[in-house]
Amino acid sequence: MSSSSSSGASVVIVGGGVTGLSAGWHLARAGCDVLVIDKGIVGWEASGRNGGGASHYHSPLFAEEQRLWPQMDELLGYPTEYRRERVIVALTESQLRHYHYMAAMFNELGFAADHLDAQQAIAMAPLVSNACLGGIHLKFGGHANPQRTVQAYAWALQDHGGRVLQNAAVTGFDTVGGRVSGVKTMRGDFGCDVLVVAAGPQTGHLLGQVGVDLPLAAARAEMIVTEPAPLMAIGGVDGNGLYGRQTLRGNLAYGGGPHEWLEVSETGPSVRPTTPLMRNLAKRVAELLPKAAHLRVIRSWAGVIENTPDGRPVIDRLTSPDNVVVATMSGVGFGLSPASGHAIADLVLEGRCSFANIDKLGIGRFAGLSPNWRAERGWTSVSAPV
């Protein structure tokens, strides 16, 4: 990645995950002078360590997500390994009923989803258990490679003249006349006209330095990766509380909790994979895909996701300071990144999102929230892995 001069940029984005990088890419494409700053290496937390799914039907950004993903390799100029379609497999009657309900909702929204009987599900995903009861076939959505996608955003951003500064932890902000005028980092100070804070679990702490309260709770998100298996017709197979994908090499990459709540310092949490969580994930993957149960787990990743009290993202341009845009994705940042970056760029350039009503993603919805909201929900950290 390139380094930056001390002159700053018209827009400085704090956070080099997929959300910040996508926003930077959209802004650079529009001719904006943009600098993305990260405390470490881009995509080093949840952005590069997730299931890669791209099917967030519950979001107001969903339609734009689905419009953009099939074009991303061409638009970015680099491969994301995006593959369309997913299969969701039911191992119980209650799961099957729920998936049929989901399929009906998708079809009402105009996105095709078919019911599958057991034989059809196994034909599409031959590693699935013979005991499966069927499932649904999503003819939209899909998945991509998180690490490839992070790289693609960063390289494409730089191709359009944007800059990326890594290993530059933010230590504070300069303000003039009630607006943020600069960002202080361990590697120098950078002036800005507009500030975007998309720093994952550190977003709340950073906004607090400019007098803004954003309630967040961080949690570990763990993934396991197996040896390669024979390629399935559709590599995106969910079920048994799991999300994940089969890579182009055949590896199975899966996550799906349980997650541990973490405390976050100024530099962010430091997490490593844990044996109990790896065993839990491996057991459930073997139940979903028993014809791959003999495969060894060769890697495990621990990422960190930030969670808002209601589980929905926050994408908003603040009223005070009025040149600050906040973006925190509450666990769904990767799949929504093409659309969230577009929305953030719109807020920077126009003050409003041009393609969807994102009012319900505003930070104002948390006004009056109890200071003890985490304890009231049981979202408190533990001293040892559970």
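What counts as what
- Residues numbered from 1 in each chain as written.
- Predicted model: local features only at pLDDT ≥ 70, side-chain atom pairs only at ≥ 80, totals over all residues.
- Heavy atoms only, no water.
- Axes fitted to C-alpha atoms, helices over the stretch in contact; angles between N-to-C directions.
- Helix = DSSP H or I, 4+ residues; strand = E, 2+ residues; numbered from the N terminus.
- Parallel < 35°, antiparallel > 145°, perpendicular 65-115°, else oblique.
- Left-handed = near helix turned anticlockwise from the far one by under 90°.
- Contact = heavy atoms within 4.5 Å.
- Core = buried A, V, L, I, M, F, W, Y, C linked by side-chain atoms within 4.5 Å.
- Buried < 20%, exposed > 50% of the residue type's maximum accessible area, 1.4 Å probe, protein only.
- pLDDT = per-residue confidence, 0-100.
- Pairing = 2+ DSSP bridges.
- Salt bridge = Lys/Arg side-chain N within 4 Å of Asp/Glu carboxyl O.
- Phe/Tyr/Trp six-rings, centres within 6.5 Å; stacked < 30°, edge-to-face > 60°.
- Expected span 1.5 Å × (residues − 1).
- Arc of directions from axis to C-beta.
- Bend = angle between axes of the 7 residues up to and from the residue.

Description of the packing of helix α1 (residues 18-29) against helix α9 (residues 333-349)
- In contact at an axis separation of 7 Å, α1 and α9 are set at 45° when each is read in the N-to-C sense. Comparing the axis directions of α1 and α9 gives the class oblique. Here α1 runs over α9; the crossing is right-handed. When α1 is examined against α9, the residues Val18, Thr19, Ser22, Ala23, His26 and Leu27 are found in contact with a partner set consisting of Gly333, Phe334, Ser337, Pro338, Ser340, Gly341, His342, Ile344, Ala345, Val348 and Leu349.

Remarks on the nonpolar core
- In this structure, Val11, Leu21 and Ile315 are the most contacted members of the largest nonpolar core, which totals 47 residues.
- Every element with two or more residues in this core is listed here: β1 (9-14), α1, β2 (34-37), α3 (72-76), α6 (146-159), β9 (188-197), β17 (324-328) and α9.
- Top element by residues in this core is α9. It accounts for eight residues.
- Excluding residues within four positions of it along the chain, Leu21 makes contact with Gly15, Gly16, Val36, Val42, Val150, Tyr153, Ala154, Leu157 and Val164.
- With 28 residues, the next largest nonpolar core counts Leu35, Val170, Leu206 and Val212 among its residues.

Digging into the confidence of the model for the chain
- Per-residue pLDDT for the chain averages 91, and the proportion of residues at 70 or more is 94%.
- Across residues 1-5, where pLDDT falls below 50, the model places 19 contacts with residues more than four positions away in sequence or in other chains.

Here's the deal with the sheet that holds strand β5 (residues 134-138)
- Pairing within the open sheet is mixed, and its four strands lie in the order β4-β5-β3-β11. Looking at strand neighbours, the two that pair on one side only are β4 (113-116) and β11 (237-238), the edges of this open sheet.
- Taken together, the two bridges between strand β3 (residues 86-90) and β11 define a ladder with parallel strand orientation. By the bridge assignment, Ile88 is partnered in β11 with Asp238.

Looking at the environment of Gly378
- If you trace the backbone, Gly378 turns up in the segment after α10 (373-377).
- Exposure remark for Gly378: the relative accessible area of 43% places this residue in the partly exposed category.
- In this structure, the C-alpha to C-alpha distance between Gly378 and Ser55, residues 323 residues apart in sequence, is 28 Å.

Focus: the pattern of salt bridges
- Here the structure, examined in full by the defined rule, presents 11 salt bridges.
- A salt bridge links Arg148 to Glu81, with the shortest nitrogen-to-oxygen separation between them at 3.3 Å. Here Glu81 lies in the loop between α3 and β3 and Arg148 lies in helix α6, a separation of 67 residues in the sequence.
- By relative accessible area, which is 37% here, Arg148 ends up partly exposed.
- Taken together, the shared-partner salt bridges in this structure form one network comprising Asp310, Arg312 and Arg365.

Some thoughts on the packing of aromatic side chains
- Applying the stated criterion across every chain, the model contains 11 aromatic pairs.
- Measuring from centroid to centroid gives 4.6 Å for Trp261 and Trp379, while their planes differ by 15°, and the two rings are stacked. Linking Trp261 in strand β14 (residues 261-262) with Trp379 in the segment after α10, this pair joins segments that are 118 residues apart in sequence.
- Taken together, a centroid distance of 5.6 Å and an interplanar angle of 75° make the contact between Trp373 and Trp379 edge-to-face. Taken individually, Trp373 and Trp379 each receive the classification buried, so the pair is uniform in this respect.
- Connected via pairs of aromatic rings, a cluster forms that spans Tyr57, Phe62, Phe106, Phe111 and Phe140.

Topic: helix α4 (residues 93-108)
- Helix length check: α4, at 16 residues, gives a terminal C-alpha distance of 23 Å against a target of 22 Å (1.5 Å per residue), a fit within 8%.
- Along α4, the residues classified as buried are Gln95, Leu96, Tyr99, Met102, Ala103 and Phe106. For α4, the arc enclosing every buried residue in end-on projection is 120°, short of the 170-degree limit, so these residues lie on one face. In α4, those exposed residues whose orientation departs by more than 90 degrees from the buried face are Arg97, Tyr101 and Glu108.
- Buried residues in α4 make contact with β3, β4 and β5.

As for α9
- A maximum bend of about 50° is found in α9 at Ala339.
- Most of α9 sits inside the fold, with 16 of its 17 residues counted as buried.
- Phi turns positive, to about 85°, at Gly351, one or two residues after α9.

A closer look at the environment of Phe190
- Note that Phe190 resides in strand β9.
- For Phe190 and Gly362, which are 172 residues apart along the polypeptide, the C-alpha to C-alpha distance reads 27 Å.

Things to note about the pairing of β17
- Among the five residues of β17, five are classified as buried, and the element is accordingly described as predominantly covered.
- Here β17 shows two buried faces, one formed by Val324, Val326 and Thr328 and the other by Val325 and Ala327.
- Note: β9 against β17, three bridges, orientation parallel. When the bridges of β17 are listed, Val196 appears paired with Val325.
- Bridge analysis of strand β16 (residues 314-317) against β17 gives four bridges, and the strand direction is antiparallel. Paired with Val314 across the bridge in β17 is Thr328.
- Taking the residues between adjacent antiparallel strands as the criterion, β16 and β17 are bridged by six residues.

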